[in-house]
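In case you want the letters, here they are:
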Amino acid sequence: MGIVTFLGRRAGGRKAGFTDWVCYAYLTVAFLTIALPVIWLVLSSFKPESELTQYPPTILPNAPILLEIEGQPRPLPAYTVEGREGVFGLRAQVGRIAVLIDPDPPHEQVRVEATAITRLSEPHLETSNYTEPLTARLSAFDFPRFLYNSAFVTIIATILSVVMNSMAGYALSRYKFRSRMGFLLLVVAALMIPQTVILVPLFLVVNSVGLYDSLWGAILPVAATPVGIFLMRQYMLTLPEDLFEAARIDGGSEWQLFWRIAVPLSMPAIAVLAILSVIWRWNDFLWPLIVLQRSENYTLQLGLNAFQGEFEVQWHYLLAMAVLSLLPVTLIFAFLQKSITGGIATTGMK
C-alpha cells in the first residue's frame, strides 16, 4: 500500500500535471537503469552454461530440447530447418554449414546453411548452478570458506570502525585543544585522497608488521576511516553540552560520559556508520586482492575470480555466486534504509 500511495502522489491538485509526468518519466528511467542489470543477473544465474553463450541471447532461463537418436553416443540438441518438416538433431556446425541428423530411418544427414536452422528450447531453471558450488569443491573455489572469511572481515571491521570512529568523533567534537582544527583538516583532506594513492605505503606497513596474507591485514588498515570520523564528529556536535557538564559535576568520568551519554544519543549516526561499513567491507575487492595471497584466506569477492581461468570462464557458477553475494547487503539496505536516510539527514543539524 505504501508503494501505491507513493506512486499516486501529485505535485498539486487531483490531476497529474506536467511536473508529475516529468517525475514519473525520470523515476521510470532511473528504475529501469538500476533494475534491469540486476534482473538480467538473477535470470542468467539460472541458465545452463550453453544457454549463456547462445546467440541471439535470451532473457528467460531456457534449456535446449535434446533428441535421443539411435547410433549417437549422446543426445543431440533439437533444431528445425527452414523448408523441411520435422525435428532434426544438430551433430556439428562448421563455419556457416550445419550438419543435422534426421531421427527417422535411415538417419539421413542434412547439410544446410546455419542461418536456416532454429533451435528448440523449453523453460528450465538450472538450480545446479547454486547447489554444486555450495556442496562440492569446484577447482579452487570453496564457497563456504570464502563466505566465512567475508563475514569475519565484515563483522570485525564494522565493530572496530564503530568504536574507533565514534571515539575519534567524540574527541574532535567535545574536547577543545590547540590542534583540534588541524586534526579536522587532516581528516577532511584524507577524504579527497583516492585509495589507490596510499596502497603502496599501506602495503609496506602491513607487510612490516607481519599481517600480510592474514585476515587481520584486511581488517585493521580500514578500521578507522575519514568518512566515519567526520560523520560521527558532525553528529556529536549536535549533542547539548549541558548534559556533559552536568555529568562532570556529578563526578562522571570521561569514559562514562562517552559510553552513557554520547553513544546512546548518537545511535542514529552509529547505525548509519555500521551499515555503510558492512556494505564497504563486504564489497571490498582491491585491498583484499593486494594483501591476501593464499586461497584459503580469500574473501567472497576474491573467490569469485576462481571461476575465471586462463582459457575458460565458468559463467554459470560465477553469476549464481554473484547473486548470493548480493543478498546480505541487499537485505541489510532494504530493512535499514530508514536508519541510513534518517541518520544522514540529522547529521550536522542543531
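Just so you know, these numbers come straight off a predicted model, no measurement behind them. (Residues numbered from 1 in each chain as written. Predicted model: local features only at pLDDT ≥ 70, side-chain atom pairs only at ≥ 80, totals over all residues. Heavy atoms only, no water.)

**With respect to the nonpolar core**
Cut-off, in case you're wondering: To define a nonpolar core, start from buried Ala, Val, Leu, Ile, Met, Phe, Trp, Tyr and Cys residues and group those joined through side-chain atoms within 4.5 Å. Whether a residue is buried, partly exposed or exposed follows from its accessible area with a 1.4 Å probe, protein chains only, as a fraction of its type maximum: under 20%, in between, or over 50%, in that order. Secondary structure is summarised from DSSP: a helix means a run of H or I of at least four residues, a strand means a run of E of at least two, and numbering begins at the N terminus for each.
Counting 18 residues, the largest nonpolar core has Tyr-170, Met-236, Phe-244 and Ala-262 as its most contacted members. Listing elements by their share of this core, those giving two or more residues are helix H5 (143–174), helix H9 (226–236), helix H10 (241–249), helix H11 (254–265) and helix H12 (267–283). With five residues, H11 is the largest single contributor of residues to this core. With 17 residues, the next largest nonpolar core counts Phe-141, Phe-146, Phe-307 and Val-329 among its residues.

**What about the pairing of strand E4 (residues 88–94)?**
The condition is simple: A pair of strands is treated as paired once DSSP finds two or more bridges between them.
Note: strand E3 (residues 76–81) against E4, two bridges, orientation antiparallel. When the sheet's bridge partners are listed, Ala-78 is paired in E4 with Gly-89. With five bridges connecting them, E4 and strand E5 (residues 97–101) associate as antiparallel partners. By the bridge assignment, Gln-93 is partnered in E5 with Ala-98.

**Brief notes about the packing of helix H6 (residues 180–191) against H9**
This is how the line gets drawn: Fitting a line to C-alpha atoms yields each axis, with helices limited to the stretch in contact; the angle taken between N-to-C directions then spans 0 to 180 degrees. Orientation is classified from the angle alone, with under 35 degrees giving roughly parallel, over 145 giving roughly antiparallel, 65 to 115 giving roughly perpendicular, and any other angle giving oblique. Definitions for this section: a left-handed crossing has its near helix turned counterclockwise from the far helix by less than a right angle. A right-handed crossing has that turn clockwise. Note on definitions: a residue-residue contact is assigned when non-hydrogen atoms from the two residues lie within 4.5 Å. Any residue that is not Ala, Val, Leu, Ile, Met, Phe, Trp, Tyr, Cys, Pro, Asp, Glu, Lys or Arg is counted as polar, Gly included; the first ten are nonpolar and the last four charged.
Look at H6 against H9: their axes get within 8 Å of each other, and the N-to-C directions meet at 130 degrees. If you check the angle between H6 and H9, you find them oblique. In terms of crossing hand, the pair formed by H6 and H9 is left-handed. Residues Leu-184, Val-187, Val-188, Ala-190 and Leu-191 of H6 lie in contact with H9, whose contacting residues are Pro-226, Val-227, Ile-229, Phe-230 and Arg-233. In the contact of H6 with H9, the residues fall into nine nonpolar, no polar and one charged.

**Some words on the pairing of E5**
Counting buried residues in E5 gives four out of five residues, a clear majority hidden from the surface. Hairpin connection between E4 and E5: a loop of two residues separates the two successive antiparallel strands, and Gly-95 in this loop has a positive phi of roughly 65 degrees. Note that E5 and strand E6 (residues 109–113) share five bridges and pair antiparallel. The residue of E6 that forms the bridge with Val-99 is Arg-111.

**Here we look at the packing of aromatic side chains**
The geometry of an aromatic ring pair is captured by two quantities: the separation of the ring centres and the angle between the planes. Note the following rule: Stacked, tilted and edge-to-face pairs are distinguished by plane angle, under 30 degrees for stacked and over 60 for edge-to-face with tilted covering the rest, among Phe, Tyr and Trp rings (Trp via its six-membered ring) whose centres lie within 6.5 Å.
Evaluated as defined, the whole model comprises ten aromatic pairs. Ring centres of Phe-146 and Tyr-298 lie 6.2 Å apart, and the angle between their planes is 35 degrees; this geometry places the pair in the tilted category. Residue Phe-146 is found in helix H5, and its partner Tyr-298 is found in the loop between helix H13 (286–291) and helix H14 (300–303); the two are separated by 152 residues along the sequence. On the basis of relative accessible area, Phe-146 is assigned to the buried category, the value being 1%. Judged by its relative accessible area of 24%, Tyr-298 is partly exposed. With 6.3 Å between their ring centres and 25 degrees between their planes, Tyr-148 and Phe-152 make a pair best called stacked.

**Thoughts on the packing of H9 against H12**
With their axes 10 Å apart at the nearest point, H9 and H12 run at an angle of 170 degrees to one another. Classified by the angle between their axes, H9 and H12 sit roughly antiparallel to one another. Here Val-227, Gly-228, Leu-231, Met-232 and Tyr-235 of H9 lie close against H12, whose contacting residues are Pro-268, Ala-269, Ile-270, Val-272, Leu-273 and Trp-280. Tallied by class, residues from the contact of H9 with H12 come to ten nonpolar, one polar and no charged.

**Structural notes on H9**
Of all eleven residues in H9, eight are buried; the element is thus mostly enclosed. Within H9 the residues assigned to the buried category are Gly-228, Ile-229, Leu-231, Met-232, Arg-233, Gln-234, Tyr-235 and Met-236.

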